[in-house]
Every structure is written in structure tokens, then in C-alpha cells.
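Report on the structure
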Amino acid sequence: MDKVDHNYQVHKFGGSSLATTDRFVAIKSLLHGKNEIIIVSAIQGTTSSLQVALDAAKQGLPFLQILEDLGNKHCHLINFLLSEHNSEDILTSIKKDFTEIKDILHSVQLTGLYAKETQDFILGYGEIWSAKILTHYLSENNNVIYLDASTVIFVYEKNGMKCIDWQKSESALHAYLKDNIFDQIVITGFIASTLEGKRTTLGRNGSDFSAAIFAKLFHAKCLTIWTDVDGIYTADPNRVRSAFVIESLSYKEALELAYFGAKVLHPMTIAPVLECEIPIYIKNSLNPDAQGTYISASSKKSPYLIKGLTCIDDISLINIEGSGMIGVSGIAARVFQILHQVDVSVILISQASSEHSICFAVSNVHTDIAVNALKEDLQFEIEKKQIEGIFVDKRCAIMSAVGDEMIGTIGISGRLCDSLAKANVNIRAIAQGSSERNISVVVKSSDTNRALQAVHAGFYLSRGTISIGLIGPGQVGSTLLHQIQHEINHLKSTYQVNLCVRGIMNSKKMLLSHEPIDLITWKDQLDKSNHNNDINAFVNHILTDDFPHAVIIDCTANQDISNQYGHYFEKGIHVITPNKHANAGNLDYYKKLKQLTKKYNKHYLYEATVCAGLPVINTLQDILKTGDQVLKIEGIVSGTLSYIFHGLAKGKTFSEIIIEAKNLGITEPDPREDLSGMDVARKLVCLAREIGKEVTMDDVKIYDLVPPDLKSCTLKVFFEKLPSYDGHMQKLINDAKAKQEIICYIGTIDANGKIEVAMRPFPEDHPFARLEGTDNMLIFHTRRYYKNPLIIQGPGAGAEVTAAGIFADLLRLVSFLS
């Protein structure tokens, strides 16, 4: 008894920790050398190779090369790690084992079949070899003994589960230890014996279970499981990039995570240590300084509502429906008794309160067996239409959220469902245990990664984690990137807004990155990019399962890009843009976009389409949402024309002020695009449609400031002849001054949706008269704002303010998604 009452530490090393000679050497540095129980898996790849050889023999295929490669791998380790004197006996032993395996496989090849006992016997060799090699290696500097676990661990099966005969196992261990003195003992994982003394296994990845068994038998003070990751993560880091290591878990949390797919820990590991309250450490043998995950009776209080997310892939959802099931007792019991009789394990159960249907999830490998058994046993009910049918969907997965903090916390399931809904993930079935420690949902297999990412973001990350693709990094686009770069750290630390710009595309090239792009050096990166402009590849990159939400920001004036917005919504991407083509172009397309945003639950934000960064669109939407009625809208909505008419009022000629505006970069490269009034008309169409008027550009009456003779000439000729038209404009300005009026170029929308763009005089005390530079002004006359209309005024042009309007839409989108 004394042998098992010391302060032993149990260490378990997985196959990746034994993969190379370097890893064997590293193990020695992880151990203290005293009172240590060391459980080992097979060297990485060994068990799989033995299974491949066994299956090859069964199929009559060659298997000798597989065994030869495997033998050479182990001999290489021995020759490198051990001295010639110390390696002689183990080399002889392993060669004898391989001879025995070859003889067995020859028999399998002749018969074309093998029993489960044969499989267990063959697969168990991997742990025997690794344990013997490590024992010899450690014994060169220490008193180390080897123990074949199949001589002391005895198991039996009950309901398909491996159960431990604790009394017999403990007696066998005591008998073994009675005559052995050691500093360290190396024990084979994975293998055990039946009660009849035949070698068997604890199931794939069963070495964790072995370690827990020996931790209990030795009354160990702790169990450390060494693997190749830093601990148990909040989610699979291969599927959720933002996953991080969980600092501590309770036994029950760890058990739930392991059962529902956390691959770091075998589900059977928890029970033996829980009874004795032996703490478990999950550590990385490749990175031993990492803190790892600590598992004990009670975990450290977490700032997060859930501890981890796991999933089980390759699941079938079986649904049994029928009006004959309503009010009939014992239906569920009968269904599950049928499944029990054919050894099908049910992973999740969900039943409607109406009792009209019951659904459950099973592994795909058991689906056909389960369905056939159910159809056979329920044939009478099916024929009598008491059961309408047994329906199966094999393309499912189960995602589970686990955590002690969930217990008694209101709103957990609502938050989980909300996160999935915002990511366009449909829940097929949902179940929660009465302990409230676990919520599991069944989703489509194709939605699994997006579901994990969305829920992980909803509970761990900033809710505003979003994948961003920017099209058109010109003056406005590059300014927007600069603004994001300047604020990104503040937004992340203060508001948990995580803006990840993962793609930038211009008319020739595109820059793609799985990680957020450096917004300081992006121009150089784009110049050096080897990716040619490809809008489909760009969009597919931005829409990734690694992020729960994606947005395309279109900073172009390109109609071809705006024609793709509907496609983006259908794919699940939000859109933000200052591009007016979609909202002012084809009316049917505009209406279709509005329908698609509702159908696919996507956001379409376009504040910067009218008056750059001024809060025009949102103000108008709020007016309508609160039940107000718009009677008239009038405004100066072109920064360019505002600047020109302000200059005219100050005494400059028409040609002078246009040339000045052109030189300052206020106009388009060809000023006639501004002077035509088309840009003003597009903005007014956008506003009219926003208040429900079905208008097109053809409905707008436009006063064109470009003299007819100068419409089609070259730009050079335009500027040469423009002064000859100064007189007409000057007369209008002077006549207005004589009447104490100003001339403005404005747009109006009346209550009936009639739109006009024109030059009009206004009194000098009119709000329009106080505009300066490129300022815009919109005046809303509504039922509420009738005597004192609502006025919005500010800069209506320029890269800084336009980018700020787009940035505000981006933050607004994050708020909607949170």
C-alpha cells in the first residue's frame, strides 16, 4: 500500500511528443526525475500504420513495406538515443515483435478477415515500443522501470463502454510494485487486459484514459497531459482564428467539452480523476513555458459567459413525425430502446412540446443501421399513418457551448441564437441540459465554421469583429483606410470593435491577406501584389468562415461594381458605399436591392451618397421611422457648385471661379460633369426614393449650366471659350444683388415627388446665404418641422468628410451586428 501513497506526479505524453529524436530528448527536460509516473502513446503515426498494414493484409494487398518502414523508424530512434550497449536487448525485442506481427498478418492475408481481438493485439504494439524506448533512454541517468499496462489494468465492456475492474487492477499493481523500487516508471498507454487476461485496447486516443486510471491508482497529486497545443482552446484554432487557451476548467466543463468534440482530451479521462479530485494540467511539450489549461473540481471564475465551443462533424439528424405520436406514452422510450438494441449511440435529443415529432442526432456511421432498425420495428405505425415518416439529413453537425458561468444566467441561449441568426446560420435542433452547463445546436455541415466563428465572436471577441474588403483605394478610399488605421486600436480596446481589413482592390490589382492588412504599409504591399484584379476571387476571400461577418466597402463611382451588390447580399455580405449608381439608377434594381437586404438579413449603408459625411440619409430615415411626413426637401447638395456660386456672389466671374475650383481639385477633372447638374439630380433621386417616391433620372427637370456650344468640345476649347459666357451669368448675379437676393443652384423635391434642379434667387437672410466654401445644406420641411424646418449644414465634398461618412456607416454596421 505504501507504494501508492507517495506524492506521485503522473505525466502522459502523446504521439506528437514522441515523434522525433529531438522530442524524446526534450521529454527529459520536462521531468524532475523523482516520483514520476510516465504514460506514453505510440510514436506519432504508428497506430495508424499498423491499422493500414492490418487492412492491407485483410484485402490481400502487400503490407511488408509498411512494417519495414515502421521498424526502421523505431530502430533509428533507438540507435540515436541509446548507447550500443543499452540498445542491444531492445532492438532484439522489437525485431521479435515485428516477426510476430508478420506471422499474424500472413494469416489474416490467407483468411481475408481478422477478429477484434487480433486488431487490439496488433495495435497495442505501438505503445509497448515507445514505452520501452523511453524507459531505456531515461534509465541511462536514473532508476527507471517499465510496466506493460496490460499486466495490471483489467477491463470489461458494459453497454458498449470500457469499464475498469478497479479492485483487480489495484491488486495487480500492488503485486507488481511490491518488489520494484524506482524513481520513474514508464507505462504503456492505450492497452489493457480483459478479465480473461487477453490484451485489449481502451479505444483510439485512449492513452489519456490510461493516464487518468493510473493517476487514480497511484493517488497522484496531479496529472499532466503533454500534447502539441498550448492547452484547451475556446474553440478549434484551425477553424476559429481568434480562439485562445482556456486558463481553467472544472471537471464537468472539461467533460462536456471532451464529449462534444474537444480533441485535446479523451472523454473518459475525467471520471477517474474527478472521484479523487486529482487536478489535470494540459500542457504543450513543444512550448512548455505556456501556461496551459488547469482542470480541477472548481474552475477560476471567468469574465466570459461560456468557457468553450466544440463541434462534432458528420452527424445525421433523424426526425420521426406523426399525429399518432401525440399523447401516446412510451414512444420516446420505444424509439431509444430500438436504437439501444442495435448499439447506436444517440448524441442529442430534441422533442416538440406538441409531441408531434421527436428528433435526435447520431453519428453518420450509425445512420443506416438506426433508420433500418426504426423502420422495421415501427412498420405497423408507419403503415397505419400513425407515424408519417422517418426523415434523415446526413449533412449536419452539432455545435456546443459549454461553461459553468451559464448556470442561472439569463439570456445565454438567446445570445447564442442571435449570433447564429446574424451570421445567417439556421438552427435545425437545439437542446440544453437541466444543469444549464451546455447548450447544443444542430446546424448544416456547410455552416459549421461560420457558426463557430459567429458564436465565438458573440461571446468572446468584440461583437464587432468583421472582415472588410475595400474596392477603390483612391482619394476617398485611401483616406478611409488612414482614418481606420488611426482609430483601430482605440476602437478595439475601448469598444471591442475589431475591424479587420483583409482585402484592398483597385482597377488593376488586389491585395489579399488572411490576417488584417497593415494599414500603414498597404500601398507598398498592393504595388508588390501578384494578384490581378478579380472581383469574384476578392469577394470569396472577404467572405470567409473565419469571420462571422463580412462587408464590401465600394469607394468607386463604377456602375459595374454597384451592379454586383445584389450578388453580395445573396452570398451573405453587407455593403457600404458612397457610389450613387445603385440608388439613383435603374428603379427595379434599386427595389430588388431593398428586397434582398430583407431576405438575406444584410445591411446596405450609403450615408455618403448624399452630402458626403453629413448625417442626411440617417436623419431622413429617422424622420420617417418616427411617423413624420416629408412635405418638401430643398437643398444645395453639390460642394462644387456651392463653391462656384459663393465665388460669384463675391464678385468673381463665372470662368474665373470654375478655373479656380478646378485648380483646387474641387471639381471633377472635367468641370462639365459638375456643371451639368447630373450629380445633383442623382442625389435628389436617392433622397426621393428614400421617402418612398418611385422616380428615375428621367423624371428630374435639370437646369444645365454648361453652355450648349461647349458640351461636346475638348476640355481645352471649353476653357478657352468659357469667358465669353461670363456676361450672362454676371447679369443674373447683379440683378439679384439689386433686389437684395442671392443666386443659388438648388434641388427641390415636393410632396408629390416632383424633382427639379435649377438656379433660383433667395433673400439675403435665407439660410442658403450663410453657406461658405464647399458647404452643403439640406432643408427638410415636414409635418413636425413645418414652421421651423430641419436644417443640416456642413462640408459636402472632400475626401476627409466623405471617408468619415463611410467610416460612420462602418461603425453603424458593427453596432447593428452587436
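As shown above, the structure is provided for reference.
These numbers come from a predicted model, not from an experiment. (Residues numbered from 1 in each chain as written. Predicted model: local features only at pLDDT ≥ 70, side-chain atom pairs only at ≥ 80, totals over all residues. Heavy atoms only, no water.)

**Concerning the pairing of strand β6 (residues 184-188)**
In terms of burial, β6 is largely enclosed, as five of its five residues are buried. On β6, burial covers both faces: Q184, V186 and T188 on one face and I185 and I187 on the other are all buried. Here strand β2 (residues 36-40) runs beside β6; their pairing, made up of five bridges, is parallel. Counted as the bridge partner of I39 is I187 from β6. Looking at chain direction, strand β3 (residues 144-147) and β6 are connected through four bridges and run parallel. (Buried < 20%, exposed > 50% of the residue type's maximum accessible area, 1.4 Å probe, protein only. Helix = DSSP H or I, 4+ residues; strand = E, 2+ residues; numbered from the N terminus. Pairing = 2+ DSSP bridges.)

**Brief notes about the pattern of salt bridges**
Counted under the stated rule, the structure contains 24 salt bridges. Note that E253 and K307 form a salt bridge whose closest N and O atoms lie 3.1 Å from each other. Separated by 54 residues along the polypeptide, E253 in helix α9 (residues 251-259) and K307 in the loop between β12 (293-296) and β13 (308-321) bring together distant segments of the chain. In this structure K307 comes out as buried when scored by relative accessible area, which is 5%. A salt bridge links D670 to R672; the shortest N-O distance between them is 3.0 Å. Here the residues in one salt-bridge network are D393, R395 and R428, joined through shared partners. (Salt bridge = Lys/Arg side-chain N within 4 Å of Asp/Glu carboxyl O.)

**Things to note about the packing of helix α1 (residues 21-30) against helix α6 (residues 125-139)**
Running from amino to carboxyl end, α1 crosses α6 at an angle of 60°, the nearest separation of the two axes being 11 Å. With respect to their mutual orientation, α1 and α6 come out oblique. Between α1 and α6 the crossing geometry is right-handed. Contacts from F24, V25, I27 and K28 in α1 reach S130, I133, L134, Y137 and L138 in α6. In terms of residue class, the contact of α1 with α6 is built from seven nonpolar, one polar and one charged. (Axes fitted to C-alpha atoms, helices over the stretch in contact; angles between N-to-C directions. Parallel < 35°, antiparallel > 145°, perpendicular 65-115°, else oblique. Left-handed = near helix turned anticlockwise from the far one by under 90°. Contact = heavy atoms within 4.5 Å. Nonpolar A, V, L, I, M, F, W, Y, C, P; charged D, E, K, R; others polar.)

These figures capture arrangement, not role.
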